[in-house]
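Okay, here's what each chain looks like letter by letter:
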Amino acid sequence: MSMPDWIAVDWGTSNLRAWGLSDSGTVIKTAQSDKGMGKLTRDEFDSVLNELVGAWVDRPTPVIACGMVGSRQGWVEAPYASVPCPALPQGFARPTVSNPNLNVMIIPGIKQAVPADVMRGEETQVAGFLALNKNWDGVVCLPGTHTKWALVSADEMVSFQTAMTGDLFAAISGHTVLRHSMGDGWDDEGFDIGLEDGLSHPEKLAGRMFSLRAEGLLNGLPNDTARARLSGFLIGLELAAAKPYWLGQQVAVIGEGSLSRLYIHALATQSVAATQVNADRATLAGLTAAYRHWKENECPAH
């Protein structure tokens with residue numbers, strides 16, 4: 001099998017993924033590792049990358065990376081671009097690499113001064129989605145531990161908002177009295193009840209949460225229902241706060257699995273028909289867009 005013309009890398013807090021691609025975009029090689037940014041010291045990134053993809057190259061090869069590898073705790077800090085800015089920020093960070101055949105370039109994140117917010121990695125997914133959907137304007141939702149809502153227009157990131165909903169769910173369900181009321185299953189109706197409650201009465205957060213424990217003790221509320229209602233309530237709170245983003249907008253949700261489906265369902269209850277987008281495809285499309293920009297504007301051969 002031939003050597004790749006370039007390598008795409010998605011290096012997050014928990015995991016590292018790499019694709020070796022031809023110049024035309026054909027995936028030739030793939031690899032992944034659990035050695036995410038959160039498990040490494042700064043001087044370990046070089047050897048981890050070389051161990052994963054070093055055998056793929058026999059000549060100088062561009063490596064385009066995104067994600068927490070460019071954070072302050074990462075390999076080298078890739079300075080933030082400020083909104084409004086291109087969805088794919090310009091100006092790579094370039095760490096020192098021991099393998100002369102790996103020319104590593106890290107995509108910057110994006111920052112917002114007021115209200116203060118930052119993103120790393122999501123900007124590449126948004127740019128990838130826009131590359132696959134030309135002339136698309138609207139709001140991109142990226143569900144996760146820290147869900148992002150990004151307003152985009154004319155291929156620019158106009159503004160964005162982060163919600164720590166995933167973190168809140170994990171903390172509340174695992175480290176408060178409600179841990180005694182959480183099951184492993186699910187209840188769709190329970191989720192919808194919590195969702196409506198969160199959207200309609202966000203100010204009742206503290207009381208509504210404890211009532212899940214009380215209902216279990218007094219009325220036999222099933223633990224699976226309590227878990228689904230807590231999730232619905234927290235996503236409802238998020239949607240209430242993010243209403244200026246999704247109300248009256250075209251919305252795309254980048255992500256797979258049950259969490260993204262919950263967001264699509266929650267938006268549908270508000271008459272917003274969101275489009276679901278494959279996260280891996282968006283990430284690779286964004287990295288490819290960055291490679292194309294480098295090749296056309298910075299590659300020595302050009």
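Below or above, wherever it landed, is the structure these notes cover. Quantities reported herein were computed from a predicted structural model and do not represent experimental measurements. (Residues numbered from 1 in each chain as written. Predicted model: local features only at pLDDT ≥ 70, side-chain atom pairs only at ≥ 80, totals over all residues. Heavy atoms only, no water.)

### Some words on the pairing of strand β11 (residues 147-153)
Within β11, 5 of the 7 residues are buried, which leaves the element mostly enclosed by the surrounding structure. Inspection of the sheet shows strand β10 (residues 138-142) paired to β11 by 5 bridges, in the antiparallel sense. Along β11, the bridge assignment pairs Leu142 with Lys148. Taking the residues between adjacent antiparallel strands as the criterion, β10 and β11 are bridged by 4 residues. (Buried < 20%, exposed > 50% of the residue type's maximum accessible area, 1.4 Å probe, protein only. Helix = DSSP H or I, 4+ residues; strand = E, 2+ residues; numbered from the N terminus. Pairing = 2+ DSSP bridges.)

### Considering helix α2 (residues 122-132)
Counting buried positions over the 11 residues of α2 gives 9, a clear majority of the element. Those residues of α2 not exposed but buried are Glu122, Glu123, Thr124, Gln125, Val126, Ala127, Gly128, Phe129 and Leu130.

### Quick notes on the sheet that holds strand β14 (residues 275-277)
Strand order in this open sheet of 6 strands is β6-β12-β11-β10-β13-β14, and the pairing throughout is mixed. On the outer flanks of this sheet lie β6 (85-86) and β14, each paired with one strand and no other. Of the strands in this sheet, β10, β11, β12 (156-163), β13 (251-254) and β14 are in contact with α2, which crosses β10 at around 135 degrees. (Contact = heavy atoms within 4.5 Å. Axes fitted to C-alpha atoms, helices over the stretch in contact; angles between N-to-C directions.)

### Focus: the side chain of Glu123
Checked against the element boundaries, Glu123 lands in helix α2. Within the buried core, Glu123 has no salt-bridge partner, and the shortest N-O distance to an opposite charge, that of Arg120, equals 6.6 Å. A polar side-chain atom of Glu123 sits 2.8 Å from the main-chain amide nitrogen of Gly121. Excluding residues within four positions of it along the chain, Glu123 makes contact with Cys66, Ala87, Pro89, Ile107, Pro108, Gly109, Ile110 and Met157. (Lys, Arg positive; Asp, Glu negative; His and termini not counted. Salt bridge = Lys/Arg side-chain N within 4 Å of Asp/Glu carboxyl O. Polar contact = N/O pair within 3.5 Å; in protein donor to acceptor, adjacent residues only side chain to side chain.)

### Brief notes about the packing of helix α4 (residues 188-200) against helix α6 (residues 223-241)
Any two packed helices are characterised by the angle at which their axes cross and by the distance between the axes. At a minimum axis separation of 6 Å, α4 and α6 run at an interaxial angle of 30 degrees. By crossing handedness, the relation of α4 to α6 is classed as right-handed. On α6, the residues touching Gly190, Phe191, Ile193, Gly194, Leu195, Asp197, Gly198 and Leu199 of α4 are Thr225, Ala228, Arg229, Ser231, Gly232, Phe233, Ile235, Gly236, Leu237, Leu239 and Ala240. Residues of the contact of α4 with α6, tallied by class, amount to 10 nonpolar, 7 polar and 2 charged. (Left-handed = near helix turned anticlockwise from the far one by under 90°. Nonpolar A, V, L, I, M, F, W, Y, C, P; charged D, E, K, R; others polar.)

### Observations concerning the pattern of salt bridges
The full count for this structure, using the stated rule, is 11 salt bridges. With a closest N to O distance of 3.7 Å, Asp23 and Arg292 form a salt bridge. Residue Asp23 is located in the loop between β2 (16-21) and β3 (27-33), and its partner Arg292 is located in helix α9 (residues 279-297); the two are separated by 269 residues in the primary sequence. Judged by relative accessible area, Asp23 falls into the partly exposed class, the value being 25%. Ionic pairing is found between Lys148 and Asp117, a salt bridge with its closest N-O pair at 4.0 Å. Taken together, the residues Lys148 in strand β11 and Asp117 in strand β9 (residues 117-119) connect sequence positions 31 residues apart. Accessibility assignment for this pair places Lys148 and Asp117 in one class, buried. Here the salt bridges share partners, and the residues they tie into one network are Asp5, Asp58 and Arg59.

### Quick notes on the pairing of strand β4 (residues 61-66)
Within β4, 6 of the 6 residues are buried, which leaves the element mostly enclosed by the surrounding structure. Because side chains alternate across β4, one face comprises the buried residues Thr61, Val63 and Ala65, and the other comprises Pro62, Ile64 and Cys66, equally buried. When strand β1 (residues 6-11) meets β4, the two strands line up parallel, connected through 4 bridges. By the bridge assignment, Ala8 is partnered in β4 with Ile64. Where β4 meets strand β7 (residues 102-106), 5 bridges bridge the pair, whose relative direction is parallel. Paired with Pro62 across the strands is Asn103, a residue of β7.

### Focus: the nonpolar core
Side chains that are nonpolar tend, in soluble globular proteins, to be buried together. Ranked by internal contacts, the top residues of the largest apolar core, which has 38 residues, are Ile64 and Met157. Looking at this core, the element that brings in the most residues is α9, giving 7 residues. With near-sequence residues (within four places) excluded, Ile64 lies in contact with Trp6, Ile7, Ala8, Val9, Phe92, Met105, Ile107, Leu287, Ala290 and Tyr291. Judged by nonpolar contacts, the second largest core, of 24 residues, contains Leu16, Leu52, Trp56 and Leu102. (Core = buried A, V, L, I, M, F, W, Y, C linked by side-chain atoms within 4.5 Å.)

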